[in-house]
Structure formats: structure tokens, C-alpha cells
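# Commentary on secondary and tertiary structure
So the chains spell out like this:
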Amino acid sequence: MKAFSRGFFIINFKKTFIIEDRYKIFVNGVGTTALITVASVVFGLILGFAFFILIRNTPKISKIIYKIINFIISGTPAVVFLMICYYLIFSGTNMGGVWVSIVAFSLIFMCSTVSFLDTGFGAVDKGQAEAAFTLGYSRSKTFTKILLPQAAKTFMPILKGDIISHIKGTAIVGYIAVIDLTKASELVRSRTFDAFFSLIVATIMYFLLEYLVILLLKLIPVDPKKRRNIKVLKGVKEND
């Protein structure tokens, strides 16, 4: 029990955070983790939506291209794919490890985006689109006003889980010398020779990031009936 006395906590707290301003390592690490996560999720969503729309409009060519990309990315461990991007694909460029990480994780999240969009839109009755076309709505309005709000009720829970997994998945960026939250914890631990505070703090910060993401996603209106100031096509009943 002496190992966990008050003196133990005070000494190790100072070694972990106070001496040499080591708390800054954690601050920079969590900032890097947040940057990689947010940027790759945003770019991944954009690329995923673009690919999904292409697959819907030009199914043969787009499906073949997507299947090849998805086969390569999904069939390769994330850490190996990250190192391939850093040490092979972008080795001759001036891109730093953070940007390479953003590119790699954007492609990984793109594949997840296409998958959950396919699941979400597959759950919407095909009659919804046919009714919209019959009443004179364009493809773009049918997609954004009718299909997307209903599909969101199905894919939003999947999206939430994917983003949470994505945050934890970024912990591998230390393999390409990026000082994220996990790497920051490892650096501090190597200096203090004590893992208690460094690992506990890293765990808490990951939980806080995940909780913040959950709160932000809850702000997005998913149910079309609760969406304000958005005109939904009259005459087409929404599936509950």
C-alpha cells in the first residue's frame, strides 16, 4: 500500500506534468489526435459521398474502381497502410507525418462512409424516389430532401460508432513519428519511468474526445419530422 501513498501521487504527478512542462506534450498530443481525426472524418465523408453518388449514377465503372480501392484498403492492416503511405507513396514529397496520416485515414474512413451510406439508403423504400420523380422533383432535390433525411435515421448510429473507432484507430500514427496522444503518453513514460499518470491521462483524454463527438453528433437533426425550416416533399409519406 505504501506504493500508492500520498507521496507517490504527488511525486509522480510532478514528474509527469510539472517537470520540464511535460503537460505541454499531452496538450500537443491531444491536439494532433483531434486534428487528424476531424480532418480525416471530414475529407472521408466528402470522398465517401462523392463515390457513393458516382456509384448510383454510373454503377459499372464506379463500382469496379471502388471495389479495387476498398479491397486494397480493407484488406491491409491500418498500420501497414499508414506506413506504405508514409514510406513509399509520399516518401518523395514534403508532406509531414500529420498530413500523411490525414490522407491515409481519410481513405480508410471513405470506405466506411460508402458502406454505411449503402446500408442507409438501402433501407429507404424505392417508391420514395419514384414518387418524387413523378411529382417533378429533380434528382438532386429527391436525394437531399427525401432520401437523405430518411437514410440518416439508419446510418447515423453507424456513423457515430465509426467515428469513435476512428479516434482510437489514430493511435497508430506514432509508427511514422507523429506525436499524437498515445505517443505523447509514451514519451512522458520513457522520461519518468512511470506509467501510472501518463496512461491514465491518455485514457481520460480519449474518453473526453469520444464523449465530445457523441455530443456533437446528437446536435444533428436526424429525424425528418424534427427538422425545422426544411421543406419536405408533400405527398410522400416518410417511413418510420
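Because the structure is a prediction, the values reported are computed rather than measured.

What follows concerns unusual backbone geometry. Trans is the common state for peptide bonds, and a negative phi is the common state for residues other than glycine. The phi angle at Ala177 is positive, at roughly 65°, despite the residue not being glycine. Within the secondary structure layout, Ala177 lies in the loop between α7 (139–169) and α8 (181–192). Classification of Ala177 by relative accessible area gives exposed; the value is 64%. Phi angles above zero are rare outside glycine, and Phe193 is one such case at about 60°. In this fold, Phe193 is placed in the loop between α8 and α9 (196–218).

A rise of 1.5 Å per residue sets the reference length of α9, with its 23 residues, at 33 Å; its end C-alpha atoms lie 33 Å apart and thus fit the reference within 8%. The complete set of buried residues in α9 reads Phe197, Ser198, Val201, Ala202, Met205, Tyr206, Leu209, Glu210, Val213 and Leu217.

Moving on: the nonpolar core. One finds Phe26, Phe121, Phe155 and Ile163 to be the most contacted residues of the largest nonpolar core, which totals 34 residues. For this core, the secondary-structure elements that each account for two or more residues are α2 (23–57), α5 (97–122), α6 (126–134), α7, α8 and α9. For this core, the element with the highest residue contribution is α7, accounting for 11 residues. One finds Ile73, Phe81, Leu82 and Val100 within the second-largest nonpolar core, a separate group that totals 21 residues.

Scoring rules and cut-offs
Residues numbered from 1 in each chain as written. Predicted model: local features only at pLDDT ≥ 70, side-chain atom pairs only at ≥ 80, totals over all residues. Heavy atoms only, no water. Helix = DSSP H or I, 4+ residues; strand = E, 2+ residues; numbered from the N terminus. Buried < 20%, exposed > 50% of the residue type's maximum accessible area, 1.4 Å probe, protein only. Expected span 1.5 Å × (residues − 1). Core = buried A, V, L, I, M, F, W, Y, C linked by side-chain atoms within 4.5 Å.

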